[in-house]
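The chain contents come next:
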Amino acid sequence: MPSTTLPFATTPTHSTTTASDPSGSLSGARAKHSIVIVGGGTAGWMTALLMAQQWREQVQISLIESPDIGIIGVGEGSTPSLKRFFSQLGIADSEWMARCNATYKVSIRFRDWSPGTGIASYSHPFISQLDQVSELAFYQNCFARRQGLDVTTLPDKFLFNGYLADAGLSPVTPPHFPFRIEYGYHFDSALLGQFLKERAIALGVVHLPTTMQQVNLHPDGRIASVVCQDALDVHGELFVDCTGFRAELLQKTLGVKFDAFKANLLNDAAVVLPTSALSTLPPETRATALSTGWAWQIPLQHRTGNGYVYSRDFLSADAAETELRAHLGLLDSDIQARHLQMNVGQVRQH
Ligand SMILES: Cc1cc2nc3c(=O)[nH]c(=O)nc-3n(C[C@H](O)[C@H](O)[C@H](O)COP(=O)(O)OP(=O)(O)OC[C@H]3O[C@@H](n4cnc5c(N)ncnc54)[C@H](O)[C@@H]3O)c2cc1C
């Protein structure tokens, strides 16, 4: 991993107060910079693991995770960024995929997104090194089509992973294969969180299973410490907000503005309904257009993740659940559905 500069301008001044060391003293130990991560979802444990891998000699990392506030737990499909994340940490597919019931993903197939065109589905395969020539041809055809020419612009006809997806093949190549094939994964996000947590703790991250209740600020407005249940006061030099939609530090404490994308991205809710595993696991996520949004199908080793992302302006939660059940052929099933709401947008400053 290339070395990265620590995000501190000064020498260490604080230590992290932990449950086992409530005084915050570093008796005998060389002072380390202190980083406090609030939130133990995917974002929190990924952050902890990356930072611990990079800086464990110089920093003390603590992660506060509420046992009472759950995680979102529906992020089950990745792009190739997740492969790069694991590569950066030196973690092989064989180390984590079986534990997280993961499968390979080379593409996303969109079904029924182009009504009236005669195109029942099209794909978004991940672009690989192998596609250097055909990728250009794809862009040229897209340009030509925008000028009115009737040429093919279906990405899966140009990109290698489109052919793998059609053939139901995984992207694993023999040793010394001269090209890099890009791929992502489908995975059980709760199990991945558990895996990341174990790795991070093994690298020295201090896990504090408690709920943050209050934030103390320095006079200049920076965060000084966060106070948790049982009056545990956790000091730090750098705080990372991984509390998900709650944005406890960024928005609630520091008042960073949130830019909503609601005007353009209409979908703001989802209903989730898992089913049993498919007998043949496709190496692609499937996204099917429904009446006011789209339904995903994510093939895992032990089950299939399904959900319907829709807009509350156009559909009630009950109607969305009924539509998803009908789509899955589960109208008479008693499998429980889970409903979620989303803030779609981004904070102005991280
Ligand atoms: C419908 C839907 C589908 C999605 N699909 C995908 C997908 O296919 N692929 C993908 O990559 N992403 C997907 N996402 C996004 C992904 O789920 C989220 O980005 C990710 O789960 C967010 O993780 P997080 O760690 O930021 O937040 P969360 O999972 O919400 O975790 C927040 C953490 O903060 C803790 N916390 C909160 N408040 C406090 C407090 N006061 N004190 C202590 N701890 C606290 C909680 O206990 C929890 O541990 C999807 C999201 C939605 C809504």
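All residue numbers refer to position in the chain's written sequence, counted from 1. With the structure being a predicted model, the display of local features is reserved for residues of pLDDT at least 70 and the display and counting of side-chain atom pairs for 80 or more, all residues being used for whole-chain, interface and lining totals. Side-chain descriptors were evaluated using all non-hydrogen atoms of the structure, hydrogens and water having been removed beforehand.

## Quick notes on the sheet that holds strand β7 (residues 206-208)
Spatial ordering of the open sheet is given by β7-β2-β1-β11, a layout of four strands whose pairing is parallel. The open sheet is flanked by β7 and β11 (238-241), the only strands paired with a single partner. Here the strands of the sheet are splayed against their neighbours by 20 degrees on average, with no regard to which way each runs. In this structure, strand β1 (residues 33-38) lies alongside strand β2 (residues 59-64), joined through six bridges in parallel fashion. Bridged to His 33 within β2 is Val 59. Should any heavy atoms of two residues lie within 4.5 Å, those residues are counted as being in contact. Note on definitions: angles span 0 to 180 degrees between N-to-C directions of axes, and those axes are lines fitted to C-alpha atoms, for helices only across the stretch in contact. Secondary structure elements are defined from DSSP: runs of H or I of at least 4 residues count as helices, runs of E of at least 2 residues count as strands, and each element is numbered from the N terminus. Packing of helix α1 (residues 42-55) onto the sheet brings it into contact with β1, β2, β7 and β11, and relative to β2 it is tilted by some 170 degrees. Strands qualify as paired when DSSP identifies two bridges or more between them.

## Notes on the site of the ligand
Only heavy atoms are used to decide nearness, and a residue is near a molecule or strand if one of them lies within 4 Å of it. For the ligand, the set of nearby residues contains 26 residues, the closest of which are Gly 40, Ile 69, Ile 72, Gly 77 and Met 212. Counted as a polar contact is a pair of N or O atoms within 3.5 Å, where, for protein atoms, one must be capable of donating a hydrogen and the other of accepting one, and residues adjacent in sequence contribute only when both atoms are in side chains. At 3.0 Å, a backbone N or O of Ala 43 approaches an oxygen atom of the ligand. Ile 72 is positioned with one of its backbone polar atoms (N or O) 2.9 Å from an oxygen atom of the ligand. Throughout, the Shrake-Rupley method with a 1.4 Å probe supplies accessible areas, and for residues the shown protein chains are the sole cover considered. When isolated, the ligand has an accessible area of 1000 Å², and the protein chains bury 79% of it. Taken together, the residues that form the shell around the ligand break down as 11 nonpolar, 12 polar and three charged. Think of it as three bins: nonpolar holds Ala, Val, Leu, Ile, Met, Phe, Trp, Tyr, Cys and Pro, charged holds Asp, Glu, Lys and Arg, and polar takes everything else, Gly as well.

## Description of helix α8 (residues 317-328)
Between its first and last C-alpha, α8 extends 16 Å over 12 residues, near the 16 Å set by a 1.5 Å rise per residue. Residue burial is assigned from relative accessible area. The probe radius is 1.4 Å, only protein chains are included, and a residue is buried under 20% of its type maximum, exposed over 50%, and partly exposed in between. Regarding α8, the residues found buried are Ala 320, Glu 321, Leu 324 and Arg 325. One side of α8 carries all its buried residues, which in axial view fall inside an arc of 135 degrees. Note on α8: the residue one or two positions beyond its end, Gly 329, has a positive phi of about 70 degrees. Expected helix span is taken as 1.5 Å per residue step, with the number of steps being one fewer than the number of residues. To obtain the arc, one takes the directions from the helix axis to the C-beta atoms.

## Remarks on the sheet that holds strand β9 (residues 223-228)
Within a sheet, each strand pairs with its neighbour through backbone hydrogen bonds, oriented either parallel or antiparallel. Strand order in the open sheet made by the three strands is β8-β9-β10, with antiparallel pairing throughout. Bordering the open sheet on either side are β8 (212-217) and β10 (233-235), each of which pairs with just one other strand. Geometrically, the sheet is characterised by an average inter-axis angle of 25 degrees between neighbouring strands, direction not taken into account.

## Regarding the packing of α1 against helix α2 (residues 81-89)
The relative placement of two packed helices comes down to the angle between their axes together with the axis-to-axis distance. The contact between α1 and α2 brings their axes to 10 Å, and the two run at 35 degrees. Judged by the sense of rotation from one axis to the other, the crossing of α1 with α2 is left-handed. Contacts between α1 and α2 pair Met 46, Leu 49, Leu 50 and Gln 53 from the former with Leu 82, Phe 85, Gln 88 and Leu 89 from the latter. Here the residues of the contact of α1 with α2 are counted per class, giving six nonpolar, two polar and no charged. A crossing counts as left-handed when the near helix is turned anticlockwise from the far one by less than a right angle, and as right-handed when that turn is clockwise.

## A look at the pattern of salt bridges
A pair is scored as a salt bridge if a Lys or Arg side-chain nitrogen falls within 4 Å of a carboxyl oxygen belonging to Asp or Glu. Following the criterion strictly, the structure yields 19 salt bridges and no others. Between Asp 220 and Arg 222 there is a salt bridge; the shortest N-O distance is 2.9 Å. On the basis of relative accessibility, which here comes to 53%, the residue Asp 220 falls in the exposed class. The network of salt bridges with shared partners includes Arg 109, Asp 166, Glu 284 and Arg 286.

## Some remarks on the packing of aromatic side chains
Each Phe, Tyr or Trp ring, with Trp reduced to its six-membered ring, pairs with another whose centre is within 6.5 Å; inter-plane angles below 30 degrees give stacked pairs, above 60 give edge-to-face pairs, and intermediate values give tilted ones. Under the defined criterion, the tally for this structure stands at 16 aromatic pairs. Considering the side-chain rings of Phe 85 and Phe 86, the 5.4 Å spacing of their centres and the 70 degrees angle between planes classify their relative orientation as edge-to-face. Residues Phe 85 and Phe 86 agree in their burial class; the two are buried. In textbook terms, an aromatic cluster arises when at least three aromatic residues are bridged by ring pairs, as seen for Phe 85, Phe 86, Trp 96, Tyr 104, Tyr 183, Tyr 185 and Phe 187. Only when the NZ atom of a Lys or the CZ atom of an Arg is both within 6 Å of the ring centre and within 35 degrees of the ring normal do we say a charge sits over the ring. Above the ring of Tyr 183, the side-chain terminus of Lys 83 is found at 4.7 Å from the ring centroid.

## What about the packing of α1 against helix α6 (residues 189-202)?
Two numbers describe how α1 lies on α6: the axes approach to 9 Å, and their chain directions differ by 30 degrees. Between α1 and α6, the interaxial angle falls into the category roughly parallel. Judged by the twist between their axes, the crossing of α1 over α6 is left-handed. Every residue of α6 that contacts α1 at Trp 45, Met 46, Ala 48 and Leu 49 is listed here: Gly 193, Leu 196, Lys 197, Arg 199, Ala 200 and Ile 201. Geometric relationships in this document are graded by angle, where less than 35 degrees denotes roughly parallel, more than 145 denotes roughly antiparallel, 65 to 115 denotes roughly perpendicular, and other angles denote oblique.

## Some words on the nonpolar core
Side chains that are nonpolar tend, in soluble globular proteins, to be buried together. The definition of a nonpolar core used throughout is a set of buried Ala, Val, Leu, Ile, Met, Phe, Trp, Tyr and Cys residues joined through side-chain atoms within 4.5 Å. Ranked by internal contacts, the top residues of the largest apolar core, which has 35 residues, are Ile 35, Phe 86, Trp 96 and Tyr 185. At the level of secondary structure, the elements contributing two or more residues to this core comprise β1, α1, β2, α2, α5 (160-167) and α6. With six residues, α1 is the single largest residue contributor to this core. When neighbours within four sequence positions are excluded, Tyr 185 is seen to be in contact with Glu 76, Gly 77, Ser 78, Leu 82, Lys 83, Phe 86, Asp 93, Trp 96, Met 97, Thr 103, Tyr 104 and Lys 105. Counting 13 residues, the second-largest nonpolar core is a separate cluster that includes Ile 223, Cys 228, Leu 232 and Val 234.

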